[in-house]
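Here's the letter readout for the chains.
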Amino acid sequence: MPSTDTPLLTSLRSPRVVAARRLAKRNQRTKERRFLVEGPQAVREAVAFGQLPGSAEHAVVEVYVTPEAAERHAGIVEATLAEGLPVLTATDEVIADICDTVTPQGIVALCRFIDTPFAEVLKARPKLVAVLAHVRDPGNAGTVLRTADAAGADAVVLTDASVDLYNPKAVRASVGSLFHLPVAVGVPVEEAVAQLRAAGVRVLAADGAGERDLDQELDEGTLGAPGAWVFGNEAWGLPEETRALADEVVRVPIHGHAESLNLATAAAVCLYASARAQRSPGGCRSNA
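Remember, predicted model here, so these are calculated numbers, not experimental data.

A closer look at the pattern of salt bridges
- Considering all chains together, one arrives at 16 salt bridges under this definition.
- Note that arginine 29 is salt-bridged to aspartate 164, the shortest N-O span being 2.6 Å. In this pair, arginine 29 is assigned in helix α2 (residues 26-32) and aspartate 164 in the loop between β6 (155-159) and α9 (168-174), connecting sequence segments 135 residues apart.
- What makes arginine 29 buried here is its relative accessible area of 3%.
- Note on aspartate 164: relative accessible area 10%, which makes it buried.
- Look at the salt bridges and you will find they share partners, linking Arg202, Arg212, Glu217 and Glu220 into a network.

Things to note about the sheet that holds β6
- Here seven strands make up an open sheet; going across it, the order is β7-β6-β5-β10-β8-β11-β9 and the pairing parallel. The sheet terminates laterally at β7 (183-187) and β9 (212-213), the two strands that pair on one side only.
- Against the sheet, helix α8 (residues 138-150) makes contact with β5 (128-132), β6 and β7, and its axis sits at roughly 175 degrees relative to β5, the strand it touches most.
- Relative to the sheet, helix α13 (residues 263-279) contacts β5, β8 (202-206) and β10 (227-231), its axis offset from that of β10 by approximately 175 degrees.

Describing the sheet that holds strand β3 (residues 87-89)
- Strand order in the open sheet made by the four strands is β1-β4-β2-β3, with mixed pairing throughout. The open sheet has two free edges, formed respectively by β1 (34-38) and β3, since each of these has just one partner strand. Between one strand axis and the next, the sheet turns through 20 degrees on average, direction left out of account.
- Here strand β2 (residues 60-65) pairs with strand β4 (residues 107-112) via five bridges, running antiparallel. Bridging across to β4, glutamate 62 finds its partner in leucine 110.
- Each of β1, β2 and β4 is contacted by helix α3 (residues 40-49), which is oriented at about 35 degrees to β4, the strand it contacts most.

Here we look at the packing of aromatic side chains
- Using the criterion set out here, one finds six aromatic pairs in the structure.
- Aromatic side chains phenylalanine 35 and phenylalanine 113 sit 6.2 Å apart centroid to centroid with 55 degrees between the ring planes, which places their arrangement in the tilted category. Residue phenylalanine 35 is found in strand β1, and its partner phenylalanine 113 is found in the loop between β4 and α7 (118-123); the two are separated by 78 residues along the sequence.
- Ring geometry for phenylalanine 113 versus tyrosine 166: centroids 3.9 Å apart, planes at 15 degrees, classification stacked. Placement of the pair is phenylalanine 113 in the loop between β4 and α7 and tyrosine 166 in the loop between β6 and α9, with a sequence separation of 53 residues.
- On the basis of relative accessible area, phenylalanine 113 is assigned to the buried category, the value being 11%.
- Through a chain of ring-to-ring contacts, the aromatic side chains of Phe35, Phe49, Phe113, Tyr166 and Phe179 assemble into a single cluster.

Observations regarding the state of the cysteines
- The tally for this structure, following the rule as stated, stands at zero disulfides.
- Here cysteine 111 stays unpaired: no disulfide links it, and the sulfur of cysteine 99, its closest cysteine neighbor, is 12 Å away.

Details of a negative patch on the surface
- Together, Asp160, Glu190, Glu191 and Glu241 give the surface a local cluster of negative charge.
- The residue glutamate 241 is located in helix α12 (residues 240-243) in this model.
- The exposure class of glutamate 241 is exposed, given its relative accessible area of 56%.

Digging into unusual backbone geometry
- Despite not being glycine, arginine 125 has its phi angle at roughly 55 degrees, a positive value.
- With respect to the helices and strands, the residue arginine 125 is situated in the loop between α7 and β5.
- Assessed through its relative accessible area of 65%, arginine 125 is described here as exposed.
- Located in the positive-phi region is histidine 134, a residue other than glycine, with phi close to 65 degrees.
- Locating histidine 134 in the fold gives a position in the loop between β5 and α8.
- Classification of histidine 134 by relative accessible area gives buried; the value is 16%.

What counts, and where the lines are drawn
Residues numbered from 1 in each chain as written. Predicted model: local features only at pLDDT ≥ 70, side-chain atom pairs only at ≥ 80, totals over all residues. Heavy atoms only, no water. Salt bridge = Lys/Arg side-chain N within 4 Å of Asp/Glu carboxyl O. Helix = DSSP H or I, 4+ residues; strand = E, 2+ residues; numbered from the N terminus. Buried < 20%, exposed > 50% of the residue type's maximum accessible area, 1.4 Å probe, protein only. Pairing = 2+ DSSP bridges. Contact = heavy atoms within 4.5 Å. Axes fitted to C-alpha atoms, helices over the stretch in contact; angles between N-to-C directions. Phe/Tyr/Trp six-rings, centres within 6.5 Å; stacked < 30°, edge-to-face > 60°. Disulfide = S-S within 2.5 Å. Patch = residues over 30% accessible without salt bridge, like charges linked within 9 Å, V, L, I, M, F, W, Y side chains within 5 Å. Areas by Shrake-Rupley, 256 points an atom, 1.4 Å probe, with all protein chains shown as cover. Lys, Arg positive; Asp, Glu negative; His and termini not counted. Charge placed at Lys NZ, Arg CZ, Asp CG, Glu CD.

The following block contains the structure:
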């Protein structure tokens, strides 16, 4: 096991442990602008993220790991130490007290907020964006973020009515994708749509009530242009006023007998359809 040169954290009353445990609450995360990342994959990506843009500070503040996990994930420990970041060994009990999961994997990173200002997202001239409007389930938010990352999206936007990006369940569901692409938070949906359209991005509202369906979009070649998909609440979709903001309201066609698709599945279908169209001949990425 790589040497961490730190004493084993054993007390649940340790100031470090108490401070980390408090980050389970949103108001505390917001106050300190810090959050926890659990599991080897996510911690690996957090360490690889490096310094915050425009700052000398690393995204990771410190890493907590059990002796057993330190041996099992020696590469992560070595990478963390190579960045000059503290690695603190802790008992299973301490890690369990810090973590949100029932069965922790023995390694946790304390991180600084890494969200990107919406103005910076627009400045980068994005070609594919996922906008989460009124999405309240943290697992869904994290899964859509992971899907957007896999589809090669340029950014994700969580509106001010959506779940906290740094909710432990959202972070865990993203499986490290949180550290792969820019994520803007707290943007009113009206502002997000208006500014994306002003930047030349075609905005599509994904909704089962759409007059157009995804097959039409694909057949007509309209998805090859820069585009943003707006996804709504898990239970009631997008309100009429939000649908009215978009250039088009598009439904995913149901060819079988299922009543509907869940949010994460619908997002995957829509984002991958755009990703393929944009990379096909004549698409906005085909000459990149």
